[in-house]
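Remarks on the overall topology
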Amino acid sequence: MSSNTHIEVKSGLEGVVAAATTLSGVDGEAGELIIAGFPLEVFAGRATFEETIYLLLSGILPNRAELDKLKTTLAANRNLPEPTRQLLWAAAARNVPAMDALRMAIDTLSLEQFETAAGNFDDKARALALVARIPTIIATYARARAHLPVIEPEQDLGMAENYLSMLTGKRPDVEQVRALDTYLNTVVDHGLNASTFTARVIASTGSDVVSALVGAIGALKGPLHGGAPGPALDMVFEIGTAERAEPYIREKLARSERLMGFGHRIYKVRDPRADVLAAASARLFEQGSADRDLYELVLQVERTALALLEEYKPGRRLQTNVEFYTALLLHAIGLDSDLFTPTFAMSRAVGWIAHYFEQQESGRIIRPRSIYAGKRSQSWVPIDER
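Below: a short report on this structure. Please read these numbers as outputs of a predicted model, since none were measured by experiment.

1. Observations regarding the overall build of the chain
Summing up its helical and strand segments, the chain has 16 helices and three strands in all. The C-alpha atoms of the chain give 23 Å as radius of gyration, which agrees with the globular expectation for 386 residues (21 Å, within 12%). For the C-alpha atoms alone, the extent of the chain along its principal axes is close to 70 × 60 × 50 Å. Taking all contacts inside the chain whose residues are at least 6 apart in sequence as the whole, residues at least 24 apart take part in 75%. As displayed, the chain offers around 18,900 Å² of accessible surface, 52% of which is attributable to carbon and sulfur atoms.

Structural data, given as structure tokens:
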């Protein structure tokens, strides 16, 4: 009898605890997300993204001097090396998907060496350069693919404001910047999801931070992980008017189609990130220049969807997830839907990097077992007889 007979295979590692982390905690039953000690709703709408970067990489909030130093370091690293720029132009000429362009561009940053004052390789300096350059990569590629002049980053702007300026060619208003900061803070980390686990596996081998990010992006761009904020907004546009919401959604549910932006594998109650982004969207539409009619339509679609999901799928506890308000908020600040996932990666890269360093501190390679489920005792047949 095989020694594997009584071993239970956890498909997809479902329920397996592979790491202890101080970076984020997810409680799907309570609808709670903790980021480095802070309930999401406590800090996401208050912090700048730079404060969140410092928090994830240092474990504490920065004081004014520490924050200014971080901002200076990030701003000084925003410009792209020439090989990276050339690759982005080549990718734009072939119209490759934005996530593929991001993955390839980050890999080129291995060409640069970062050293400490003592002349040793400085992985943390490279990590901060990666964080600083991801927004520039995304904006450069978006404009190159659209045949628009590339806008260089500015050193006197915060990350959110600079990103929007590079994308659109104009300075965003205060509410747009606040909304983007809130979004970036909200999605910066979320437990041991597939891309974060990928980053930690690579880190556990002793590999470099660029490799960890490239691997994580490769995992994120898979359709089962990257989410569907674009389709969630497409559904709202297809509905068009409040009176069409109920018949449209009834028809989809009657065909057993999924409603994008509702339901989550982990959260059995409302996704706390949806609450934070709903509040950010309300502020943006009330105080900014965004389309108020679209906001009212989104609210009606959400109310109708939640009521009909309970009617068609009672007891399933299918609530609004982060994708629904992500789509509304990013659209309202002027992003095209094909930039939604790259913008998510701009934030989540900070979480990946924090996990990279945390995993390296453990000094333990991640090496789960597998069970052989193939044939045994096959007979060898010479090649001329096959």
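2. Regarding the packing of helix 14 (residues 292-312) against helix 15 (residues 322-332)
Close contact between helix 14 and helix 15 brings their axes to 11 Å; oriented N to C, the two are set at 175°. The angle between the axes of helix 14 and helix 15 places the two elements in the roughly antiparallel class. Taken together, the residues of helix 15 that come into contact with helix 14 (itself represented by Leu294, Tyr295, Val298, Leu299, Val301 and Glu302) are Phe324, Tyr325, Leu328 and His331. Among the residues forming the contact of helix 14 with helix 15, the class breakdown is eight nonpolar, one polar and one charged.

3. Digging into the pattern of salt bridges
Per the counting criterion, the structure on display carries 19 salt bridges. The partner of arginine 145 in a salt bridge is aspartate 338, with the nearest N and O atoms 2.5 Å apart. Taken together, the positions of arginine 145 in helix 6 (residues 123-145) and aspartate 338 in the loop between helix 15 and helix 16 (340-362) put the pair 193 residues apart, joining distant regions of the chain. Overall, aspartate 338 belongs to the partly exposed group, its relative accessible area being 38%. In this structure, arginine 292 and glutamate 296 form a salt bridge, with 2.9 Å as the shortest nitrogen-oxygen distance. Here glutamate 296 and arginine 292 lie together in helix 14, a separation of four residues that amounts to about one turn. Judged by its relative accessible area of 34%, glutamate 296 is partly exposed. Through salt bridges that share partners, Glu251, Lys252, Arg255 and Glu257 make up one connected network.

4. A word on helix 12 (residues 245-254)
Note that an α-helix has 3.6 residues per turn; residues three or four places apart therefore point the same way. The complete set of buried residues in helix 12 reads Ala245, Tyr248, Ile249, Lys252 and Leu253. Looking straight down helix 12, one finds that the buried residues subtend no more than 125° of arc, so they occupy a single side. Tucked inside the fold, the buried residues of helix 12 contact helix 11 (229-239) and helix 14. Downstream of helix 12 by one or two residues, serine 256 has phi in the positive range, about 60°.

5. Structural notes on unusual backbone geometry
The backbone of alanine 36 shows a phi angle near 50°, a positive value even though the residue is not glycine. Since its relative accessible area comes to 15%, alanine 36 is described here as buried. At asparagine 95, a position not held by glycine, the phi torsion is positive, near 55°. Here asparagine 95 shows up in the loop between helix 4 (82-93) and helix 5 (98-108).

Quick notes on the rules
Residues numbered from 1 in each chain as written. Predicted model: local features only at pLDDT ≥ 70, side-chain atom pairs only at ≥ 80, totals over all residues. Heavy atoms only, no water. Helix = DSSP H or I, 4+ residues; strand = E, 2+ residues; numbered from the N terminus. Rg over C-alpha atoms; globule rule 2.2 N^0.38 Å. Contact = heavy atoms within 4.5 Å. Areas by Shrake-Rupley, 256 points an atom, 1.4 Å probe, with all protein chains shown as cover. Axes fitted to C-alpha atoms, helices over the stretch in contact; angles between N-to-C directions. Parallel < 35°, antiparallel > 145°, perpendicular 65-115°, else oblique. Nonpolar A, V, L, I, M, F, W, Y, C, P; charged D, E, K, R; others polar. Salt bridge = Lys/Arg side-chain N within 4 Å of Asp/Glu carboxyl O. Buried < 20%, exposed > 50% of the residue type's maximum accessible area, 1.4 Å probe, protein only. Arc of directions from axis to C-beta.

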